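# Chain and residue survey
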Amino acid sequence: MDSVEKTRELKRDSMLSLDVDETAVDWRGRPCKANKHGGMTAAVFVLGLQAFEMTAIAAVGNNLITYVFNEMHFPLSKSANIVTNFIGTVFLLSLFGGFLSDSYLGSFWTMLIFGFVELSGFILLSVQAHLPQLRPSPCNMLTDTDGTQNCQEAKGYKALILYLALYLVALGSGCLKPNIISHGADQFKKQESKKLSTYFNVAYFAFCMGQLIALTLLVWVQTHSGMDIGFGVSAAAMAVGLISLIFGIFVYRNKSPRGSIFTPIAQVQDGANESPWKLCTVTQVEQVKIIMSVVPIFACTIIFNTILAQLQTFSVQQGSAMNNKITNRFQIPPASLQAIPYILLIFVVPLYEIVFVPVASKFTKKDSGISPLQRVGVGLFVATFSMVAAALIEKKRRTAALNSNQILSIFWIAPQFLIFGLSEMFTAVGLIEFFYKQSLEGMQSFLTAMTYCSYSFGFYLSSLLVSLVNKITSRTSSSAHGWLSDNDLNKDRLDLFYWLLAALSLINFFNYLFWSRWYSYNPSLSPTTTPHESHGEDLENQSLNNNISKHILRADN
């Protein structure tokens, strides 16, 4: 009887231990229980913040060039750079947000604090757009090509208020973005590979819904009711998102901060020069190996995001030079063209999860259908054709305008948005899933932030390319005008700039193939990987991780 009782007690204790998750805590700092915390029920509240925050910032970012150009009177090329620098800063600051979360604050408190910072930026933008004394005197920048209307560029305190508002939004949104993704993913265990993959697809669906609402409803409000009302609606959407985040506080699984992520890097570096076995642990070495090994993959997505920058700047201005009337009374705001791919994607993303993944899984033996790296590669290849389409249509639009004074329909530029939207579904989701699944405990938010940092570098590269192309082409042109130096697209050569980006994108794709071929997944981070999946992902048994570890762990003789 004693042995039977002991067996029952051991079984009962083991069941209790399975119910308690020692790696995550609730809002009071106690170990989480599987039946009370986490899962899709908790993730829904985070997805609410994802959708509403995306609605708020997409409405600002995607139509910002119109506001900066028409209301603040910055030249077209400078307006484009203001937008790309703003969006680039948003994504660059995601590294700061990921660092704070993993090292000191945790995901929830980082999101809550910086969510209010972002909200204050939206409110300040709305106030400036509402008060005439905070903006330059009205004039038409499109007709003032010869300077006769004397359109005054915003300077002094007017420009200062604009930049302050924009970079409050950038700071808040940048620190939110990696934590929204990682905190939602933290509601599942890494062993739940299929549930994680589904979550990332659902998160992208929430992203698409936020973008769609922003690019239709909110841009329409900005166009017909004024930018002040539009920015105010963005502030309201952000407030609703924060309420959604707070409502989930009692059911979240929270990962505790583990100190600065840069400490292991410093210790491992010191260890390489002295005695690695005395100065750093195996986990610390693994952290550094992972960070270093994913850098080439990360770098290959920068050109992809440079293409995205064109769709949010020059392609919007392209639409402004086209016929945007559907009827005599209804016109499509140029910025709303960016909604076209998201209309498609709200149907394609569920089909990808419901149809493509099960079918692909039968052939690849992977729970997610194809590996994250394969998904990224497909997206990078498809993105090239977005710029090819853009170049062809811009050439057609410009020729029609100059030779026959004909204005093409705005729907001619829809293909470049559709193609890129499809490519983004593969690349963006695949990259986030890849970084999260490759991370160790205590570095999920930071590695997820690297995804957004790629956006940042892409937008900064866009600004650099615009300036560099203008400088070079103005020297080689007989008229001393660069490809993008005029406010009039009919005088510019935007089509040639698009061809340049298409070429860079194709070169970048082959570069990605090289690096992804040498990358192998760390098996210690994929506890549910099947032998078939491991074989498929360990391409030709060539491991970039192992090559790096030889250098990190070398000891001086």
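What this report covers is the structure whose coordinates are included nearby. For clarity, every value in this text was computed on a predicted model and none was experimentally measured. Each residue is numbered by its place in its chain's sequence as written, counting from 1. The predicted nature of this model means local features are confined to residues of pLDDT at least 70 and side-chain atom pairs, given and counted, to a pLDDT of 80 or more, with totals for whole chains, interfaces and linings taken over all residues. Values reported for side chains reflect all heavy atoms of the structure, with hydrogen atoms and water molecules removed beforehand.

## Concerning the pattern of salt bridges
Any two side chains of opposite charge can pair, so long as their charged atoms come close to each other. Basically, it comes down to this: In what follows, salt bridge is the name for a side-chain nitrogen of Lys or Arg lying within 4 Å of a carboxyl oxygen of Asp or Glu. Here a strand is any run of E in DSSP of at least two residues, a helix any run of H or I of at least four, and the numbering for each starts at the N terminus. When a residue's accessible area, from a 1.4 Å probe over protein chains only, is under 20% of the maximum for its type it is buried; when over 50% it is exposed; and in between it is partly exposed.
Applying the stated criterion across every chain yields a total of six salt bridges. A salt bridge links Lys177 to Glu53; the shortest N-O distance between them is 3.5 Å. With Lys177 in helix α6 (residues 156-185) and Glu53 in helix α2 (residues 39-61), this pair connects stretches of sequence that are 124 residues apart. Each member of the pair, Lys177 as well as Glu53, carries the same accessibility label: buried. Arg493 is the salt-bridge partner of Asp495, the closest N and O atoms lying 2.9 Å from each other. Under the relative-accessibility criterion, Asp495 is labelled buried at 2%. Arg493 sits in the partly exposed class, given a relative accessible area of 23%.

## Description of unusual backbone geometry
Phi is positive for His73, close to 65°, though the residue is something other than glycine. Relative to the assigned elements, His73 resides in the loop between α3 (64-70) and α4 (76-105). Phi is positive for Asn405, which is not a glycine, with a value near 55°. Along the chain, Asn405 falls in the loop between α15 (372-403) and α16 (414-438). A relative accessible area of 69% places Asn405 in the exposed class.

## Some details on the packing of aromatic side chains
The line we're drawing: Note on aromatic pairs: the rings of Phe, Tyr and Trp (six-membered ring only in Trp) are paired at centre separations within 6.5 Å, and the planes decide the class, stacked below 30 degrees, edge-to-face beyond 60, tilted for the rest.
Within this structure, the stated rule accounts for 22 aromatic pairs. Judged by centre distance (6.4 Å) and plane angle (85°), the rings of Phe96 and Phe114 are edge-to-face. Taken together, the residues Phe96 in helix α4 and Phe114 in helix α5 (residues 107-130) connect sequence positions 18 residues apart. Taking the relative accessible area as the measure of exposure, Phe114 reaches 10% and is therefore buried. One aromatic cluster is present, formed by Phe381, Phe385, Phe509 and Phe510 through successive ring pairs.

## Quick look at the environment of Ala449
Cut-off, in case you're wondering: Only heavy atoms matter for contacts: two residues are in contact if any of them lie within 4.5 Å across the pair.
Within the fold, Ala449 resides in helix α17 (residues 444-476). Between the C-alpha atom of Ala449 and that of Leu93, which follows or precedes it by 356 residues, the distance is 8.5 Å. Look past the residues within four positions of Ala449 in its chain and what remains in contact with it is Ser94, Leu95, Gly98 and Pro178.

## What to know about the packing of α2 against α6
Two quantities define a packed helix pair, namely the angle between the helix axes and the distance between the axes. We count it as follows: Helix axes are fitted only over the stretch in contact, all axes being lines through C-alpha atoms; the angle between N-to-C directions runs from 0 to 180 degrees. When describing relative orientation, an angle under 35 degrees is termed roughly parallel and one over 145 degrees roughly antiparallel, while 65 to 115 degrees is termed roughly perpendicular and anything else oblique. Should the near helix be turned anticlockwise from the far one by less than a right angle, the crossing is left-handed, and should it be turned clockwise, the crossing is right-handed. We call Asp, Glu, Lys and Arg charged. Ala, Val, Leu, Ile, Met, Phe, Trp, Tyr, Cys and Pro are nonpolar, and the rest, Gly among them, are polar.
α6 packs onto α2 with a crossing angle of 150° between their chain directions and a minimal axis gap of 10 Å. By the angle between their axes, α2 is roughly antiparallel relative to α6. The hand of the α2/α6 crossing is left-handed. Contacts between α2 and α6 involve Ala43, Val46, Leu49, Gln50, Glu53, Met54 and Ile57 on the former and, on the latter, Val169, Ser173, Leu176, Lys177, Ile180, Ile181, His183 and Gly184. Here the contact of α2 with α6 is built from residues that sort into nine nonpolar, four polar and two charged.

## Observations regarding a nonpolar patch on the surface
Under the convention used in this document: Patch construction takes residues with relative accessible area above 30% that form no salt bridge. Like charges are linked within 9 Å, and nonpolar side chains (Val, Leu, Ile, Met, Phe, Trp, Tyr) are linked within 5 Å. The method behind every accessible area is Shrake-Rupley, applied with a 1.4 Å probe, and residues are considered shielded solely by the protein chains displayed.
A cluster of nonpolar residues, Leu351, Ile354, Val355, Val359 and Phe363, forms a patch on the protein surface that exposes about 540 Å² of accessible area. For Ile354, the position within the fold is in helix α14 (residues 340-364). Residue classification places Ile354 among the exposed residues on the basis of a relative accessible area of 62%.

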